[in-house]
Amino acid sequence: MKQYCDGGEAILEAFRSLGLDYIISSPGSEWSPVWEALARQKVNQRSGPSYIDCWHETLAVDMAMGYTQMTGRMQAVLLHAGAGLLQGSAGMHSAMLAEVPMVIMSGESVSFGEDPALSIEPQWYRSLSIVGGPQRLVEPVTKWATQAGNVHTLYEHVVRAGEFAQRTPMGPVYLNAPLEVMLQEWTPRQNPRRAPPPPKTRAKDSDVEKVAQLLIGARNPVILTDSAGRDPAAFAALVELADLFGIPVGGRAAFANYPKNQPLHLGTGIQPFLKDADLVLLVGCRAPWYPPSHKPTTGTIVAIDENPLKGTMVYQSLQADHYLEGEVATSLHLLVEAAKAAGMAAGKHADRRAGWQREHDRIEAAERAAEAKAKDGDTIDPLALVGALREAMPRDAVYVEETITHAAILQQHLRWSEPQSFFRAGGGLGQGLGTALGVKLGAPKRPVAALIGDGSFLYNPVVQALGASKGNDLPILIVVCNNGQYRAMQTGHLHHYPDGVAQAADMWHGVTIDGPDYAELGKPFGLHGQKVERPAELPGAIRNAMREVENGKTAILNVVLSR
């Protein structure tokens, strides 16, 4: 048994130096050097990342994304060159938009069998090569993409890729490692370093003081956020800031940003109150209103974000008058400290807080009344579904949402009081199942529910996701929100042609989904499934499904909705 030490070992040693937990892969034939290194790791009883096998490239990228969003820990993804990168590019695009760091690698051949000292398989010559290198395929959807051209630089290339991915703005980094490089002999570093965590950026003291004074003097401040909750520390800091000043918090949610059982939470119900706001804090909020330049208030706008101006957006207009650029949790803590140092006392804004609590209670009462009314129908309204989820799901449940038509309803009505209880699967459709499995990998003791529209579900690699769930012991609840339509298609058509021929003739293209019984799709894997068509069936169906999940099996509920 020969103990090789080549480029595959260099890559694995770099992953160890980066402190990675997993190599998540939809594998290709270029990776035998890494597989050999992983076998040596196990036989030699060395510590290092574990391997997770996926049957689809986007699924692998999405699982890494979900895991990192839940744990804050970056992971590695190994894909196959060419078509494999193209398959995974949808997930890379989502990770890029969500600013999720990861190291993505694939290989190629640069000798095509012409090197008499190194036999390379013929598929690289015939069908797998990309003119200009495979990095060209993913340059638009990664933070940085390049080739490691020599075994002597391979280790540092991978470490640099991991460190670079975690710097602001975070994002996926791609590295191409040719087979000829990985198969070369490599001499390990004598004292390999452990890559340090990325530094935390901090806003300037003068900027903090300026914004603190704006807060102290504000008559009617409002907070909008969509992604403050990506960091649990920022979730807690936002509660502290809002409570001190009596400021309502709302906006569309990409994460669980603020506890819904707090009296200052207004969610999407905050929009009508923006007009009278004299100060609006955009806390991790990349697109607060639309059209972008038509802000709904004459008040002062402050953008608080580590990276407020998003290079991934072709056009963005925050209309900000001031910026606090730095880690969000730190910025919020600094504002609280500056306000207290200036004499701001807890309870000073009790009247303002009480007024917003009345609005919070009014919004909550309206939501509960709408859910109760929907519960009495003969068909399942989306509001009946969220009411049943509230009734039947465990309090520590994590929701991963990938819908279009029902997104606003789900984000407003789902309950959570803790950070990392909600994740919006963004970017192109097809990311929800992989993200949910990654979240489950990162939080194995918490129940995870993927809420996915039937149209969105069909974009997901369903068979591969179910295989990954079973093969890696990652049981989740999948709720298919089935209205039998790509409703967004019809909505967009009517928006532009409200009195057109399609409306008059009731003739729609790309709208109807003649889908399967989604509950049956898990049967080949021995998974639980149930079709639900009446509101009264929902709580029992959810509880039955969750019992299966608790017993280690993914469950699929095909919930037939009325709209």
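J.: For this particular structure, what's the right way to read the layout of surface pockets?
T.: A water-sized probe, rolled over the atoms, reveals where empty space remains. Here the second largest pocket is characterised by a volume of approximately 330 Å³. Every residue lining the second largest pocket is counted, 15 residues in all, and those nearest its centre are Arg390, Arg395, Arg415, Trp416 and Ser417.

J.: For this particular structure, what's the right way to read helix α1 (residues 7–17)?
T.: Side chains three or four residues apart in an α-helix point the same way, a direct result of the helix having 3.6 residues per turn. Most of α1 is tucked away, with eleven of its eleven residues classed as buried. Listed as buried for α1 are Gly7, Gly8, Glu9, Ala10, Ile11, Leu12, Glu13, Ala14, Phe15, Arg16 and Ser17. The inward-facing, buried residues of α1 contact β1 (22–25), α2 (32–43), β3 (75–78), β4 (102–106), α7 (151–165) and α8 (179–182). The distance from a side-chain oxygen at the start of α1 to the backbone nitrogen of Gly8 is 3.0 Å, and the residue carrying that oxygen is Asp6. Trailing α1 by a residue or two, Gly19 shows a phi angle of about 70°, which is positive.

J.: Can you walk me through empty space enclosed by the protein in this structure?
T.: According to the stated counting rule, one finds two cavities of 30 Å³ or more in the structure shown. Forming the boundary of the largest cavity are 17 residues, of which Gly251, Ala253, Asn257, His265 and Gly267 lie nearest the centre. Within the residue set of the lining of the largest cavity, elements represented by two or more residues are β8 (249–250), β9 (265–267) and α14 (407–413). Taken together, the residues of the lining of the largest cavity break down into six nonpolar, nine polar and two charged. Its boundaries defined by the atoms lining it, the second largest cavity holds a volume of some 30 Å³. If you trace the second largest cavity, you find it lined by His265, Leu266, His360, Ile363, Glu364, Glu367, Gln412 and Arg415. Listing elements by their share of the lining of the second largest cavity, those giving two or more residues are β9 and α12 (350–375). Per-element accounting of the lining of the second largest cavity gives the leading share, four residues, to α12. Considering only residue class, the lining of the second largest cavity consists of two nonpolar, three polar and three charged.

J.: Mind showing me how you'd approach the sheet that holds strand β13 (residues 398–402) here?
T.: Working definition: the strands of a sheet are paired by backbone hydrogen bonds and lie parallel or antiparallel to each other. Read from one edge of the open sheet, six strands run β14-β13-β15-β16-β18-β17, paired in parallel fashion. Only two strands of the sheet have a single neighbouring strand rather than two, namely β14 (422–424) and β17 (528–532). Adjacent strand axes in the sheet meet at a mean angle of 15° when their direction is disregarded. Here β17 runs beside strand β18 (residues 555–560); their pairing, made up of five bridges, is parallel. Bridging across to β18, Val532 finds its partner in Val559.

J.: Can you walk me through the packing of α12 against helix α13 (residues 382–392) in this structure?
T.: At a minimum axis separation of 8 Å, α12 and α13 run at an interaxial angle of 105°. In terms of their interaxial angle, α12 and α13 are classed as roughly perpendicular. Residues Arg368, Ala370, Glu371, Ala374 and Lys375 of α12 form the contact with α13, whose own contacting residues are Leu383, Ala384, Val386, Gly387, Arg390 and Glu391. A breakdown of the residues in the contact of α12 with α13 according to their chemical character gives five nonpolar, one polar and five charged.

Cut-offs used in this document
- Residues numbered from 1 in each chain as written.
- Predicted model: local features only at pLDDT ≥ 70, side-chain atom pairs only at ≥ 80, totals over all residues.
- Heavy atoms only, no water.
- 1 Å grid on protein atoms, 1.4 Å probe; cavity = no way out; pocket = protein on both sides within 12 Å on 5 of 7 lines; lining within 4 Å.
- Points joined across faces, edges and corners; volume = space filled by probe spheres on them.
- Buried < 20%, exposed > 50% of the residue type's maximum accessible area, 1.4 Å probe, protein only.
- Helix = DSSP H or I, 4+ residues; strand = E, 2+ residues; numbered from the N terminus.
- Contact = heavy atoms within 4.5 Å.
- Polar contact = N/O pair within 3.5 Å; in protein donor to acceptor, adjacent residues only side chain to side chain.
- Nonpolar A, V, L, I, M, F, W, Y, C, P; charged D, E, K, R; others polar.
- Pairing = 2+ DSSP bridges.
- Axes fitted to C-alpha atoms, helices over the stretch in contact; angles between N-to-C directions.
- Parallel < 35°, antiparallel > 145°, perpendicular 65-115°, else oblique.

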